[in-house]
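# Examining the three-dimensional arrangement
The primary structure of each chain is shown beneath.
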Amino acid sequence: MSQAEFDIVVIGGGPAGYAAAIRAGQLKKRVLCIEKESLGGTCLNWGCIPTKALLDDGAFIRKLRTNAAEHGVTVQGMQVDFAKLVSRSRGIAGKLSNGIASLFKKNSVQHIVGTGQLLEPGRVKIVGTNTPERIVIAEHVVLAVGARAAQLPGIAFDGKTIITSRQAMALPNQPKSIAIIGAGAIGCEFADFFNAVGSDVTLIEMLPTLLPNEDQEVSRLLKRTFESRKINVILGAKTEKSEAGANGVRIALSGPEGTPRTVEAELLLVAVGITANTEGLAAPAAGLELFKNRVKADHQYRTNLKSVWAIGDCISLHWPAESSMAGYRHPDLAHVAHHEAIYCIERICGHAQHEIDYRFIPGCTYTHPQVASMGMTETKAREGGRQIKIGKFPFSASGRALAAGEPAGFVKLIFDAKTGALLGAHMIGESVTELLAELVLARKLEATEAEIIESMHPHPTFSEAVMEAAGVADGRAIHL
């Protein structure tokens, strides 16, 4: 290893990979990042960022169509240029991808466009797009290859009629109708967008609620909102099969709310989760251990191979049995991948020993209204035998929300009844994804409901709802 060309080679250039490479460069390591497509990975190019551009455009269109009159504005002859919406989204993604390339240059990170394969600890084969095949030697290898859309058994993607979220973001024309299987964050966000631009939307979920991981009150309100906008929501329905034809697709369903029935649409978007990009990641002789198609890693991101690490959506995390996080699922989120990257590199470099508390990962869904959450739901807290206090403040009692014309939703905070510790936060409403960081910080600093109440919140703001919700839990709310 004394002849290593690099201190660290990172395979993958998404939120985990590029953050790892940049942090390694900041720490003055010789670092190489291998990425087969555009820097930024799925999140920046086909996920987090460009979808938010589409969703904001959709919200703007919906407000003009449904709320303009109450704001004293008359809109006539409005037309939606679907191609321009898509073009704006793609332009933002391209700009940010180029920005990462600039950050690589600033921090002396080398970058190769190609596919990396781990041959053995310290040896990586690179098959470049425009460069000859080569092998590089490194002291450490970080695997950060991310994931892609999972396929439902028996339903094959064809890229035209049966599509993934990636293909949904670059459609040449707006579909007249679209069916979406899966009502997690991705499915709900696309349902929101296509409904806003005028497509007929059917949203299908096998479980009994939208956003199944969210608090039940939040899920119920989002369902009512979607249905008020004429989104056809079908819950508790299993997809048996789909048939693509010249005029679209037919989906056969079974289940409590779909027994039996057929849904027809021009397009079918399958959004049932993701699968890791681990095919060919390591040569068979390398002996890299996988678990359910993901790279098996411990809580410090070490794989079973010496000096080989893994981070981001491609990993399956395993904690010691005595850990308070044993049994918690690894969340496939860009901000989780980012922090794993930073902590992994700092551990490799002997710089710090930070760890993530996976019990309190913030989650955001950018529907309208938005959904944001962290920590235990009310159901989980009660199932765990916790003695809890709940504070819930509706945006209909918020002056700022009323002024913005956004009275729907609420902030719901869950506290330990004995200690006042914040156990969970669950919000639905305008801009609640921007309110969540305050509660993440409160939890990190072990703030109680009393300390949240006594922290002066500016008026008038949406953030006052956080203070008021804590006040409800403690019997000190002023405006409710």
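Placed above this text is the structure.
Below: a short report on this structure. (Residues numbered from 1 in each chain as written. Predicted model: local features only at pLDDT ≥ 70, side-chain atom pairs only at ≥ 80, totals over all residues. Heavy atoms only, no water.)

### Some remarks on the state of the cysteines
One pass over the structure, following the stated rule, counts one disulfide. Between C43 and C48 runs a disulfide, and the two sulfur atoms are separated by 2.3 Å. Disulfide C43-C48: torsion about the S-S bond near -130°, hence left-handed. Residue C43 is classed as buried on the basis of its relative accessible area of 15%. (Disulfide = S-S within 2.5 Å. Buried < 20%, exposed > 50% of the residue type's maximum accessible area, 1.4 Å probe, protein only.)

### Looking at the side chain of Q300
With respect to the secondary-structure elements, Q300 resides in the loop between β17 (294-298) and β18 (308-310). Judged by relative accessible area, Q300 falls into the buried class, the value being 16%. Here the side chain of Q300 touches R302 through a polar contact of 2.9 Å, side chain to side chain. In contact with Q300, not counting residues within four places along its chain, are W309, R347 and E355. (Helix = DSSP H or I, 4+ residues; strand = E, 2+ residues; numbered from the N terminus. Polar contact = N/O pair within 3.5 Å; in protein donor to acceptor, adjacent residues only side chain to side chain. Contact = heavy atoms within 4.5 Å.)

### So, the pattern of salt bridges
For the structure shown, the criterion picks out 28 salt bridges. For E279, the salt bridge goes to R148, with nearest N and O atoms at 3.0 Å. Separated by 131 residues along the polypeptide, E279 in the loop between β15 (274-276) and β16 (290-291) and R148 in strand β6 (residues 147-149) bring together distant segments of the chain. Under the relative-accessibility criterion, R148 is labelled partly exposed at 37%. Ionic pairing is found between R476 and E454, a salt bridge with its closest N-O pair at 3.3 Å. Separated by 22 residues along the polypeptide, R476 in the segment after α13 (464-474) and E454 in the loop between α12 (449-453) and α13 bring together distant segments of the chain. Assessed through its relative accessible area of 56%, E454 is described here as exposed. It is possible to trace a salt-bridge network through shared partners that takes in D215, E217, E378, R382, K392 and K412. (Salt bridge = Lys/Arg side-chain N within 4 Å of Asp/Glu carboxyl O.)

### Regarding the environment of A150
Counting through the fold element by element, A150 comes out in the loop between β6 and β7 (162-163). When its relative accessible area of 15% is taken as the criterion, A150 is described as buried. Distance in space between the C-alpha atoms of A150 and A68 is 40 Å, their sequence separation being 82 residues. Ignoring sequence-local partners within four residues, the contact set of A150 consists of F157, V270, V272, G273, I274 and T275.

### With respect to the layout of surface pockets
By volume, the second largest pocket is sized at about 440 Å³. For the second largest pocket, the lining is made up of 18 residues, of which R62, N67, R229, H368 and E406 are closest to its centre. Mapped by element, the contributors of at least two residues to the lining of the second largest pocket are α3 (48-66) and α6 (185-197). The dominant element in the lining of the second largest pocket, judged by the number of residues it contributes, is α3, at five residues. Here the lining of the second largest pocket is built from residues that sort into five nonpolar, seven polar and six charged. (1 Å grid on protein atoms, 1.4 Å probe; cavity = no way out; pocket = protein on both sides within 12 Å on 5 of 7 lines; lining within 4 Å. Points joined across faces, edges and corners; volume = space filled by probe spheres on them. Nonpolar A, V, L, I, M, F, W, Y, C, P; charged D, E, K, R; others polar.)

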